[in-house]
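# Observations on the three-dimensional arrangement
Chain by chain, the residues:
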Amino acid sequence: MLKQRVITALVLLAILLPALFWPEHVPFVVVTLVLIAAGAWEWGRLNGLGQGGSVASAAVCVVLCAGSWQLGLLAQRLPLLWAVAGGLWVLAGAWLLRAGVAGWPHIPRPARLALGVLALWIAWLAVAQAKVIGVNFLLSVLVLVWVADIFAYFAGRAFGLKFTKGKLAPSISPGKSWEGVWGGMAGVVVLALAWAFADGALQARVPSLYSRLAAHGWWLLALGAIFLAAMSVVGDLVESLVKRSAGMKDSSGLLPGHGGVLDRVDALLPTLPLAMMLATSVS
């Protein structure tokens, strides 16, 4: 299993890193489009579709993404879209976590399929726009999610249930604790402060998300980082909820040793559009 994980990680890095740092945005946009299409295929399977229906879900997602690209949306400011998408993620995420695993099947399947495909399209459009803005901006959002996850893991291992009596969401993800969430938030705040300082010291040509927020006050930077860290947890929990409802451990086996694409990008699905919402609101 460890060997599989390492090989898969190396292959992904060999594809993603050159695309990420390529001067033009096209290679990265294409690679992420393929990944999002795979995620849409997984979403169909998680919601009870067969192979044909799952492929159709992927095709619809590709059409939405390609159509957005063709219309030039990658280079346009879309504050209203990001505000609506961000607000829906906050409200729907809270409702879904409150309803729990048992509540998911009560949502009509067409609605579940449509919402999932739309969430994947919005996330792709956000990551594509972030790449068009610049690598420094894009990485500041991606690394936030990774740091939140890493700090949450180690804080949960070290302090889990030492300050609280209950787990974060035991019926959805029994391994997560409140202490882990707080540790992830603390790690993200440190990251944000350090990144904003580094932007200034190095005179970054493209400001990161953190520099954009810090320009309007350090308090906004801290609140924005905490908010995004919290929503990354929501994305993770929502995907876990859907998998538990479907009786599946992983969204698929497309990434040997790592599960599926949705297992790797679940925390990014709300974080990317919300980061764009914050960036456009302060620019």
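Here the structure is a predicted model, which means the values were calculated and not measured.

If you tally the helices and strands in the protein chain, you get eleven helices and two strands. Taken over C-alpha atoms, the radius of gyration comes to 18 Å for the protein chain, in line with the 19 Å a tight globule of 283 residues would show. When burial is assessed residue by residue, the protein chain has 50% of its 283 residues classed as buried. Nonlocal contacts in the protein chain, meaning residues at least 24 apart in sequence, comprise 75% of its contacts between residues at least 6 apart. Looking at charge distribution, the protein chain has the averaged site of its 19 positive side-chain charges lying 4 Å from that of its 10 negative ones.

It is worth spelling out the nonpolar core at this point. Counting 88 residues, the largest nonpolar core has Trp82, Trp124, Leu125, Leu209, Tyr210 and Leu272 as its most contacted members. With 13 residues, the top contributor of residues to this core is helix H5 (residues 109-133). Residues contacting Leu272, with those up to four places away along its chain left out, are Ala123, Ala126, Val127, Val141 and Leu142.

The next subject is the pattern of salt bridges. Enumeration over the complete set of coordinates arrives at three salt bridges. Put simply, Glu239 and Lys243 hold a salt bridge, and the shortest N to O gap is 3.6 Å. Taken together, the positions of Glu239 and Lys243, both in helix H9 (residues 218-246) and four residues apart, correspond to about one turn of that helix. For the salt bridge of Asp263 with Lys243, the shortest nitrogen-to-oxygen distance reads 2.8 Å. Within this pair, whereas Asp263 is found in helix H10 (residues 261-265), its partner Lys243 is found in helix H9, the two being separated by 20 residues in sequence.

A maximum bend of about 55° is found in helix H4 (residues 79-103) at Leu97. Residues Trp82, Ala85, Gly86, Trp89, Gly93, Leu96, Gly100 and Gly103 constitute the buried set of H4.

Moving on to the pairing of strand E2 (residues 173-177). Relative to E2, strand E1 (residues 167-169) is paired through two bridges, and the arrangement is antiparallel. Following the sheet pairing, Ala169 is matched in E2 by Ser173. In textbook terms, the turn of a hairpin is the stretch between consecutive antiparallel strands, and for E1 and E2 this stretch comprises three residues.

Here we come to the state of the cysteines. The final tally for this structure, using the stated rule, is zero disulfides. Of all cysteine sulfurs, the one in Cys65 lies closest to Cys61, which takes part in no disulfide; the gap is 4.2 Å.

So, on to the packing of aromatic side chains. Tallied over the full model, the rule gives five aromatic pairs. Taken together, a centroid distance of 5.1 Å and an interplanar angle of 80° make the contact between Tyr153 and Phe154 edge-to-face. For Tyr153, a relative accessible area of 46% puts it in the partly exposed group. Accessibility expressed as a relative area gives 54% for Phe154, which makes it exposed. Relative to Phe163, the ring of Phe159 lies with its centre 6.3 Å away and its plane at 45°, an arrangement referred to as tilted. The partly exposed category is assigned to Phe159, whose relative accessible area is 41%. We classify Phe163 as exposed; its relative accessible area is 62%.

In this structure, the second largest pocket spans a volume of roughly 620 Å³. In terms of lining, the second largest pocket is formed by 27 residues, of which the most central are Trp89, Ala92, Leu115, Gly116 and Ala119. Sorting the residues of the lining of the second largest pocket by element identifies H4, H5 and H9 as the ones contributing at least two each. Of all the elements, H4 adds the most residues to the lining of the second largest pocket, at nine residues. The class makeup of the residues in the lining of the second largest pocket is 21 nonpolar, three polar and three charged.

This paragraph deals with the side chain of Ser177. With respect to the element layout, Ser177 can be found in strand E2. A polar contact of 3.1 Å, which involves the side chain of Ser177, links it to the backbone nitrogen of Gly180. Ser177 has contacts with Gly156, Gly160 and Leu168, leaving out every residue within four places of it along the chain.

Looking at where Thr8 falls in the secondary structure, it is placed in helix H1 (residues 2-21). Those residues within four positions of Thr8 in sequence are excluded, and the remaining contacts are Leu255, Pro256 and His258.

Here Met185 is to be found in helix H7 (residues 178-202). Sequence separation between Met185 and Ile172 is 13 residues; the distance between their C-alpha atoms is 20 Å. Every residue in contact with Met185, bar those within four places of it in the chain, is listed here: Ile226, Ala229 and Ala230.

Reading the values: rules and limits
- Residues numbered from 1 in each chain as written.
- Predicted model: local features only at pLDDT ≥ 70, side-chain atom pairs only at ≥ 80, totals over all residues.
- Heavy atoms only, no water.
- Helix = DSSP H or I, 4+ residues; strand = E, 2+ residues; numbered from the N terminus.
- Rg over C-alpha atoms; globule rule 2.2 N^0.38 Å.
- Buried < 20%, exposed > 50% of the residue type's maximum accessible area, 1.4 Å probe, protein only.
- Contact = heavy atoms within 4.5 Å.
- Lys, Arg positive; Asp, Glu negative; His and termini not counted.
- Charge placed at Lys NZ, Arg CZ, Asp CG, Glu CD.
- Core = buried A, V, L, I, M, F, W, Y, C linked by side-chain atoms within 4.5 Å.
- Salt bridge = Lys/Arg side-chain N within 4 Å of Asp/Glu carboxyl O.
- Bend = angle between axes of the 7 residues up to and from the residue.
- Pairing = 2+ DSSP bridges.
- Disulfide = S-S within 2.5 Å.
- Phe/Tyr/Trp six-rings, centres within 6.5 Å; stacked < 30°, edge-to-face > 60°.
- 1 Å grid on protein atoms, 1.4 Å probe; cavity = no way out; pocket = protein on both sides within 12 Å on 5 of 7 lines; lining within 4 Å.
- Points joined across faces, edges and corners; volume = space filled by probe spheres on them.
- Nonpolar A, V, L, I, M, F, W, Y, C, P; charged D, E, K, R; others polar.
- Polar contact = N/O pair within 3.5 Å; in protein donor to acceptor, adjacent residues only side chain to side chain.

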